[in-house]
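Now for the letters of each chain:
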Amino acid sequence: MFKNVIAPVQAWLLSQGRCVGCGSDLSAGKKESHPNGEKITCLKCHRIFIREIDSGKFRRALFEEV
Ligand SMILES: [Zn+2]
């Protein structure tokens, strides 16, 4: 039940280019090149995201991508 509430909020935050953990603007995060796009580390909570080349959308990095 809890998960059903959290998922849309996280999706919305990512669509805004914001960290799902703390809401920080990911454009201010630490950027590194990555085979799948751009790897971005949140400076506040150190969550790792991937910005995909094709869509330009942010998503959480998969375990094997970290
Ligand atoms: Zn964060």
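See above for the structure.
All figures in this text were calculated on a predicted structure; none of them were measured in a lab.

Conventions and cut-offs
- Residues numbered from 1 in each chain as written.
- Predicted model: local features only at pLDDT ≥ 70, side-chain atom pairs only at ≥ 80, totals over all residues.
- Heavy atoms only, no water.
- Pairing = 2+ DSSP bridges.
- Helix = DSSP H or I, 4+ residues; strand = E, 2+ residues; numbered from the N terminus.
- Axes fitted to C-alpha atoms, helices over the stretch in contact; angles between N-to-C directions.
- Salt bridge = Lys/Arg side-chain N within 4 Å of Asp/Glu carboxyl O.
- Buried < 20%, exposed > 50% of the residue type's maximum accessible area, 1.4 Å probe, protein only.
- Donors = N, O, S within 2.8 Å, 3.2 Å for Na, K, Ca; no water.

> How would you summarise the sheet that holds strand E2 (residues 37-41) if you had to cite specific residues and measurements?
The strand order E1-E2-E3-E4 describes an open sheet built from 4 strands, whose pairing is antiparallel. At either margin of the open sheet sits one strand with a lone partner, and together these are strand E1 (30-34) and strand E4 (58-60). Averaged over all adjacent pairs, the angle separating strand axes in this sheet is 30°, with direction ignored. Taken together, the 5 bridges between E1 and E2 define a ladder with antiparallel strand orientation. Note on E2: the bridge partner recorded for Lys 31 is Ile 40.

> Please give an account of the pattern of salt bridges that cites residues and values.
According to the stated counting rule, one finds 3 salt bridges in the structure shown. As a salt-bridge pair, Glu 52 and Arg 59 come within 2.4 Å of each other at their nearest N and O atoms. Across the pair Arg 59 and Glu 65 runs a salt bridge whose closest N-O atoms are separated by 3.0 Å. Here Glu 65 falls in the buried class, since its relative accessible area comes to 11%. Through salt bridges with shared partners, a single ionic network connects Glu 52, Arg 59 and Glu 65.

> Please provide a residue-by-residue account of the coordination of the zinc ion, values included.
In an ideal tetrahedron of four donors about a metal, each angle is 109.5 degrees. In an ideal octahedron of six donors, the angles are 90 or 180 degrees. Surrounding the zinc ion are the protein donor atoms Cys 19 (SG), Cys 22 (SG), Cys 42 (SG) and Cys 45 (SG), at 2.2 to 2.3 Å. In primary sequence terms, the donor set of the zinc ion follows C-x2-C-x19-C-x2-C. A residue pair is termed long-range when its members are at least 10 positions apart, and Cys 19 in the loop between helix H1 (2-15) and E1 and Cys 42 in the loop between E2 and strand E3 (48-52) qualify at 23 residues. Here the two residues Cys 19 and Cys 42 agree in accessibility, since each one is buried.

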